[in-house]
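Below are the chains, spelled out letter by letter.
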Amino acid sequence: MAMDGVFEKLRTLQDILSEKIGLEQDIQEIPKLLVTQEELLARLKKSFIERNQDYEKAKIAENEFQGLLADAESMREKAEKNMDVINTQREYEALDKEIRDSTEKEQQYRKDLQRETRLLGELDEQMKQSTALIEQQEAELAERRAGIEVEISEKKAKIDELAQQEKELTPNLDSEVLFKFERIIRNKMGRGIVAIKGGVCMGCHMILPAQFANAVRQGEEIVFCPYCSRILFYEEAEQGEEEFFDNDDSGSLADLDDMEDDEYDDDEEEEEKVNIDFEE
Ligand SMILES: [Zn+2]
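Sequence order as written defines the numbering, with residues in each chain counted from 1. In keeping with the model being predicted, local features are shown solely for residues with a pLDDT of at least 70 and side-chain atom pairs are shown and tallied solely at 80 or more, while totals for entire chains, interfaces and linings include all residues. Only hydrogens and water are set aside when side-chain values are computed; all heavy atoms of the structure are taken into account.

### What to know about the coordination of the zinc ion
Test applied: Shown as donors are all N, O and S atoms within 2.8 Å of a metal ion, widened to 3.2 Å for Na, K and Ca; because water is not in the atom set, sites may appear incomplete. Angle rules define the geometry names used: all angles between 85 and 135 degrees makes four donors tetrahedral, while opposite donors over 155 degrees apart and all other angles between 65 and 115 make four donors square planar and six octahedral, leaving every other case irregular.
In the first shell of the zinc ion, the protein supplies Cys201 (SG), Cys204 (SG), Cys225 (SG) and Cys228 (SG), at 2.3 Å from the metal. Coordination at the zinc ion is tetrahedral: its four donor atoms span angles of 107 to 112° at the metal.

### A few points about the confidence of the model for the protein chain
How we decide: By definition, pLDDT measures how confident the predictor is in each residue, and it falls between 0 and 100. For this analysis, residues touch if any pair of their heavy atoms sits within 4.5 Å.
Confidence in the prediction of the protein chain, expressed as mean pLDDT, is 85, and 84% of residues score 70 or more. When the criterion is pLDDT under 50, residues 241-280 qualifies, and its contacts beyond four places in sequence or with other chains add up to 66 contacts.

### Overview of the environment of serine 153
Stated precisely, the cut-off is as follows: Secondary structure elements are defined from DSSP: runs of H or I of at least 4 residues count as helices, runs of E of at least 2 residues count as strands, and each element is numbered from the N terminus. Burial classes: relative accessible area under 20% of the type maximum marks a residue as buried, over 50% as exposed, and values in between as partly exposed (1.4 Å probe, protein chains only). The definition of a polar contact used here is a pair of N or O atoms within 3.5 Å, where within protein one atom must be able to donate a hydrogen and the other to accept one, and adjacent residues in sequence count solely through side-chain atom pairs.
Within the secondary structure, serine 153 is located in helix α3 (residues 89-169). Since its relative accessible area comes to 43%, serine 153 is described here as partly exposed. Along the primary structure serine 153 and isoleucine 27 are separated by 126 residues, whereas in three dimensions their C-alpha atoms are 9.0 Å apart. There is a polar contact of 3.0 Å between the side chain of serine 153 and the backbone oxygen of valine 150.

### Side note on the pattern of salt bridges
This is how the line gets drawn: By convention in these notes, a salt bridge is any Lys or Arg side-chain nitrogen within 4 Å of a carboxyl oxygen on Asp or Glu.
In this structure the tally under the stated criterion is 23 salt bridges. Across the pair glutamate 8 and arginine 11 runs a salt bridge whose closest N-O atoms are separated by 3.5 Å. Pair noted here: glutamate 8 and arginine 11 are both in helix α1 (residues 2-29), with a separation of three residues, about one helical turn. A residue is classified by how much of its surface remains accessible, and glutamate 8, at 43% relative accessible area, is partly exposed.

### A short note on the pairing of strand β4 (residues 231-235)
Going by this rule: Criterion used throughout: strands pair if DSSP finds at least two bridges between them.
Sheet topology note: the strand β1 (residues 193-197)/β4 ladder contains five bridges and is parallel. In the strand pairing of β4, alanine 195 is matched with phenylalanine 233. Between strand β3 (residues 223-224) and β4, which pair antiparallel one after the other, the connecting turn spans six residues, and serine 229 there sits at a positive phi close to 70°.

### A word on the environment of alanine 42
Residue placement: alanine 42 occurs in helix α2 (residues 35-82). For alanine 42, a relative accessible area of 46% translates into the label partly exposed. For alanine 42 and isoleucine 134, which are 92 residues apart along the polypeptide, the C-alpha to C-alpha distance reads 9.0 Å.

### Describing the packing of aromatic side chains
Rules: Under the pairing criterion, centres of Phe, Tyr and Trp rings, with the six-membered ring standing for Trp, must be within 6.5 Å; the plane angle then separates stacked pairs below 30 degrees from edge-to-face pairs above 60, leaving the rest tilted.
Inspection of the entire model under this criterion finds two aromatic pairs. Seen from their ring centres, phenylalanine 7 and phenylalanine 233 are 5.9 Å apart, and the 50° between their planes marks the pair as tilted. A residue pair is termed long-range when its members are at least 10 positions apart, and phenylalanine 7 in helix α1 and phenylalanine 233 in strand β4 qualify at 226 residues. Taken individually, phenylalanine 7 and phenylalanine 233 each receive the classification buried, so the pair is uniform in this respect. Between the aromatic rings of phenylalanine 65 and tyrosine 109, the centroid separation amounts to 6.4 Å while the plane-to-plane angle is 35°, which identifies the pairing as tilted.

Right, here's the structure in full:
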């Protein structure tokens, strides 16, 4: 039968297309492997920036407390000097209070200063660790990106090779059939050509009308399953399996339309119906 050669080619083509489509999907998926690492790196950089801002603030505060401390020190020193030149008890008391106040302020500013200095030290240490981590992550990421590029280009080379095989195989096949066939394989991740056995499509397990089975068996044209859009080829039913080749025994396409509503599988729903030339 002339169709046998065509089916054989389609099966070979099916293997080629499945592999090609698988590789294309891999190429799309591969960069997603880096997302987690890229997010980690972004978080590290963000927290580095925040620490750096804290550091700048602490630096400003440190400067302010240094200034305040110096002022308090010089006020106390001035008051201490003035102690030598006072004449009255009142002047003494005023100076004494000024010295005590200044000393108190000095102590407070020293504490503030120490706190800021300690904070600056801590932040500096954290930023150093952060920088080291960022550098490490960037290096790892660059290495993985390079690895991925190699992997992708290898897969692309393989795709080109498959496309070449596909080209060699297809010149005698009808272009519309090829277009549908590739689309089915893409949607179904695999099989675009299936047997019809005992009147049942082996792709979607729906019972097809006898006209289909007969047309497939005659093998004069390419017949698509009206449910799953796969190309059908005839296969003898095994013993015990009922044959549905009696036209009186099975429904017409109109009956099929009714059945579709009830029995159509969810995963088949997105398929486009393939129009076929068929005489009822
Ligand atoms: Zn089917």
